[in-house]
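# Structural overview
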Amino acid sequence: MVYYYSLLYLDLLCHVVDPVLQYDQSLVITKAVDNTNGHSRCRRNPLESLSFHQSFVVRKMCRCLLSKRWLVATVGRTYNVSHSHHRLQRFYSNRNVLKLYERQIIQNMFPDNSSNEIIDLLTKRNQCVYAGFDPTADSLHIGNLLVIINLLHWQRANHKVIALIGGATAQIGDPSGKSKDRDKQSSQMLSHNIKGITRSLQSIFDNHAKYFWKQKDPLPEPIIINNMDWYEGIGVIDFMNNIGRHFRMGTMLSRDSVKTRLFGSGMSFTEFTYQTFQAYDWLHLFKNYKCSFQIGGNDQMGNIMSGQELISRQANAQVYGLTVPLITTDSGDKYGKSAHNAVWLNSDRTSPFELYQFMIRTIDADVEKLLKMFTFLSLPEIAELMRRHQATPDKRIPHESLARQVTTLVHGEEGLQEALVATSALYDNSIETLSTLSVNDILKIFNGATVVELMLEPGLTVLKMAMNAKCFLTDRDAYRIISAGGFYINHQRITKIDEIVTLSIHILPNKISLVRVGKRNYWIVKWIM
Ligand SMILES: Nc1ncnc2c1ncn2[C@@H]1O[C@H](COP(=O)(O)OP(=O)(O)OP(=O)(O)O)[C@@H](O)[C@H]1O
Ligand SMILES: N[C@@H](Cc1ccc(O)cc1)C(=O)O
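The model shown is predicted, which means the values in this text are computed figures rather than measured ones.

## Focus on the site of ligand 2
In the vicinity of ligand 2, the residues found are Tyr130, Gly132, Asp134, Leu164, Thr169, Asp174, Tyr274, Gln278, Asp281, Gln294, Gln300 and Asn303. Tyr274 is positioned with one of its side-chain polar atoms (N or O) 2.7 Å from a nitrogen atom of ligand 2. The separation between an oxygen atom of ligand 2 and a polar side-chain atom of Asp281 is 2.6 Å. When the free accessible area of ligand 2 is taken as 340 Å², the share hidden by the protein chains comes to 88%. Elements with a minimum of two residues in the shell around ligand 2: strand E5 (128-133) and helix H12 (274-289). Counting residues per element, the shell around ligand 2 draws most heavily on H12, which supplies three residues. A breakdown of the residues in the shell around ligand 2 according to their chemical character gives three nonpolar, six polar and three charged.

## Describing a nonpolar patch on the surface
Nonpolar side chains collect at one region of the surface, where Val236, Ile237, Met240 and Phe269 lie side by side and expose about 470 Å² of accessible area between them. Following the sequence through the fold, Ile237 ends up in helix H8 (residues 236-243). A residue is classified by how much of its surface remains accessible, and Ile237, at 66% relative accessible area, is exposed.

## Thoughts on the environment of Ser268
Mapped onto the secondary structure, Ser268 falls in the loop between helix H10 (256-262) and helix H11 (269-272). Classification of Ser268 as partly exposed rests on a relative accessible area of 23%. Taking C-alpha positions, Ser268 is 9.6 Å from Arg182, a pair spaced 86 residues apart along the chain. Looking at Ser268, its side chain comes within polar contact range of the main-chain nitrogen of Glu271, at 3.1 Å.

## Topic: the environment of Tyr522
Looking at where Tyr522 falls in the secondary structure, it is placed in strand E14 (residues 521-528). C-alpha of Tyr522 to C-alpha of Asn447: the two residues are 75 residues apart in sequence and 9.1 Å apart in space.

Each value, and the rule that gives it
- Residues numbered from 1 in each chain as written.
- Chains lettered and ligands numbered in written order.
- Predicted model: local features only at pLDDT ≥ 70, side-chain atom pairs only at ≥ 80, totals over all residues.
- Heavy atoms only, no water.
- Near = heavy atom within 4 Å.
- Polar contact = N/O pair within 3.5 Å; in protein donor to acceptor, adjacent residues only side chain to side chain.
- Areas by Shrake-Rupley, 256 points an atom, 1.4 Å probe, with all protein chains shown as cover.
- Helix = DSSP H or I, 4+ residues; strand = E, 2+ residues; numbered from the N terminus.
- Nonpolar A, V, L, I, M, F, W, Y, C, P; charged D, E, K, R; others polar.
- Patch = residues over 30% accessible without salt bridge, like charges linked within 9 Å, V, L, I, M, F, W, Y side chains within 5 Å.
- Salt bridge = Lys/Arg side-chain N within 4 Å of Asp/Glu carboxyl O.
- Buried < 20%, exposed > 50% of the residue type's maximum accessible area, 1.4 Å probe, protein only.

Have a look at this one:
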C-alpha cells in the first residue's frame, strides 16, 4: 500500500520525524527520510512556523505513520509511505522525559505549566540535566536512588546528565526538611564521604549501562562533578558582590526551608545562605554545560527556584526544575540519612542481600508503583507482571522482579548472585548453599544471630553444645524443645540430646555451625579446633 503526500507535508515530515521517531521502540524509519532526493531540507525546523495546533497535527500524523511501522521514503519529487518490517537501529527511550509522569517519578515542574516549552526543548535537541547529592554520609540511600534513576532515564533519552557531589554545599548544610542546624563535618570525614558517594554513583551508572542498556549505541557519558571545583576559585567578596546581590531577602525568607526553622529552633547564617550556593551551582553548570534542567527530591523546590531566579537575573535565560516524589516508609516518614531509617546503597552498610530482602518485602499495594519507579521495565511489562501476580499471588512474581532489578542496578550481577545465595541459605534451608558461604557472609545473612565460640571437645553432645552456646536457660528446657523437634543444626532437625557433635555432620567446612531454636532464633557457633 502506498500513500502519496504533498511536498509540503513531506518536507515537514523530514524534519519532525527525526525527534518523533525516537518515541517508540517499534518505530521504523530509515535514513531515506533525510535524503529528500534533490529537495534540500528547510534550514529552519518547519514546526517553528506552525501554530501550536498545526504542529500538534503534524506530530500526531508522524507518530501515527511510524507506529504503524511504515517506512517514509522518497521517490523523485514525490514521497511514498509504505509498509516495512525494518527495525529501527538507534533507539532511545522517549526523549520527552516528561513521560516519566506516567511512571510517577516526576511530581512537580517549575515554572508551572511549562510542559509545552519543556517538551519542545527535549524533542528538538539533546538537553543537559543535573541533580546534586551532598556528601553528608559515605553512602547514598534508596531515596537518592529515585533521583539517580530519573537521571538514568534522561541518559537513556540521549540527554547529557550531571551528578553533582556537593563537596562545598555539604559544608554549608542544606536546611531543607531539617529541624535544626547540622553538625560541622571534619575535612577527613568529608573526603571519606565524597569518595564513598562518587564510587556508588559511578558504579550505578556502570551497572545501568552494562545490564540495562541493550542498544548498540553507547549512552552519553555521565559527568560526575564536585562543586568544590568552582568554589575554590571564588573569593567571598566576589561571591557577595556578583552573586549575592541577585538574591532578595523577602524571597529567601519565604522559602519553606527557612520559614519552618525561623519559627522553630532558628538557623545559622551559614545554613540560611545555602540556597544561594545551590543556585550558583546551577548558574555555573548553565554557563559551562548549557544545563537548563535540574531535578531533585520534592524537598528541593525552594533551592531549585532560587537557581531559576538567579539564572533569569544573571543570564536572562529560562531554566526548568523537576522534582521527584519523596520515598517514605509505610508510616509516611521520608527515607533519608537524617531520619536514621536509610536503606543504603553501599554494601558495607546495607548488604545486597538486605537490599534484595527490603525490595522483596514490598507490600502488595506498593509493588506496581515501585516497579514503575525503580525499574526500566516498560509499562506493558509491568502490567503483565501484575496480571501474573493476580493469578498466582503466592509466587510474588513482581516483588522478585523488583528485587532483582534494583539489586542488579545497585550492586551488579555479582551483588544479585550474592543476594540470591544468601536468600537460599536463609529460606531454602539448603545445607549446600550454607557450606559455600564465608563466615562473614553467614554473619551478614543471619544478622542479629548470637555469635559464640566453642571448643570442639571429644564426645561433646548436642545437649552440652546447646547449653554452652546458651541456647536454653535450663537442661529441662533443652530436653523438652530438642525432643519436640524445635532444634536445628545447619537446617537439619536434631531430636536426640545425646548425639555426638561430629565434624562431617554438624560442622560446615568453614568451621561454623548454624543453630536454630524454633522458627527464627539463630546462633552462629564458631568452632575452635
Ligand atoms: N526519600 C527520598 N525520596 C526521594 N528523594 C530523596 C529522598 N531523600 C533524599 N532525596 C533526594 O536526593 C537528593 C540528594 O539528597 P541528600 O544527599 O541531601 O539526601 P538526604 O537523605 O535528603 O540527606 P539529609 O537527610 O542529610 O538531608 C535530593 O534531591 C533529595 O531531595
Ligand atoms: N541540596 C541538595 C543537594 C544539592 C547540592 C548542590 C546542588 O547544586 C544541588 C543539590 C540536598 O541536600 O539534597
